[in-house]
Amino acid sequence: MQALSFVSRQLARLCLLVAGLALLALMGVTITDVLLRLVFRLSGGALNWGVVGSVELVRYLLMFSLLAAMAASVERSQVVVEAFSHGLSPLFKERLGGFFLVGFVILGVVMTLGLWQEAETAALRGQVTQDLRIPMGPIYQFAALLCALLALRSLLHVLLGTFFATDGGGVHHE
């Protein structure tokens, strides 16, 4: 149990790092673009600087940050409705919570396979982004990797919640 928890925590840290870096880059692109547009307006159009492909960059950085954050917080992402479970023991609630994460495992696997197939197709066709001409294959591959991390962390918490739940709970609430 300790090894599974350790692996899950390390993967969560990695995902949070990816999400944080993607958000910082997203904010940097956005702030730079807004400031350069302001300079353009204040100069009466004389200084026509801008961030080429800013919308494209923000789109993919947002996708990476959301996928990474989703993988990082999978064990805390469920909304618990106490109306139906208030009479259940904490041990059963913890096992039930672990069982429900199977849905995230399936979601992560399906998204991983779909994105990986899209990456292969994009690589074969030579697809690139519209403005910056960045190859789409690696973008889809990185997104597939983040979805695989979602599936893996969900699977770890399925095992922790289903097989290693304690009467006091706590497996999903580190």
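Quick look at the structure, then. (Residues numbered from 1 in each chain as written. Predicted model: local features only at pLDDT ≥ 70, side-chain atom pairs only at ≥ 80, totals over all residues. Heavy atoms only, no water.)

**Concerning the packing of aromatic side chains**
Applied cut-off: What counts as a ring pair is set by centres within 6.5 Å for rings of Phe, Tyr and Trp (its six-membered ring), and what kind of pair is set by the plane angle: stacked under 30 degrees, edge-to-face over 60, tilted for all other angles. Runs of E in the DSSP output that reach at least two residues are strands. Runs of H or I that reach at least four are helices, and both are numbered from the N terminus. A 1.4 Å probe rolled over the protein chains alone gives each residue an accessible area, and that area as a share of the maximum for its type sets the label: buried under 20%, exposed over 50%, partly exposed in between.
This structure, assessed with the given rule, holds one aromatic pair. Ring geometry for Phe64 versus Phe142: centroids 4.8 Å apart, planes at 90°, classification edge-to-face. With Phe64 in helix 2 (residues 54-72) and Phe142 in helix 6 (residues 136-163), this pair connects stretches of sequence that are 78 residues apart. By relative accessible area, Phe64 is classed as buried at 13%.

**Considering helix 4 (residues 90-100)**
For clarity, the cut-off: Comment: arc refers to directions from the helix axis out to C-beta atoms.
Inspection of helix 4 places Glu94, Gly97 and Gly98 among the buried residues, and these make up the whole buried set. The arc enclosing the buried residues of helix 4, seen along the axis, measures out at 100°, which places them on a common side.

**Points about the packing of helix 4 against helix 5 (residues 102-125)**
Basically, it comes down to this: With axes taken as lines fitted to C-alpha atoms, and helix axes fitted only over the stretch in contact, angles between N-to-C directions fall between 0 and 180 degrees. Every angle not falling under 35 degrees, over 145, or within 65 to 115 is termed oblique; those three ranges are roughly parallel, roughly antiparallel and roughly perpendicular. Only heavy atoms matter for contacts: two residues are in contact if any of them lie within 4.5 Å across the pair.
Packing of helix 4 against helix 5 leaves a shortest axis separation of 4 Å and a crossing angle of 15°. Relative to helix 5, helix 4 is oriented roughly parallel. Counting all contacts with helix 4, which are made through Gly98, Phe99 and Phe100, the residues of helix 5 involved are Val102, Gly103 and Phe104.

**Quick word on the side chain of Asp33**
When you line up the elements, Asp33 lands in helix 1 (residues 2-42). Judged by relative accessible area, which is 9%, Asp33 ranks as buried. Apart from residues no more than four positions distant in its own chain, Asp33 is found in contact with Val51 and Ser54.

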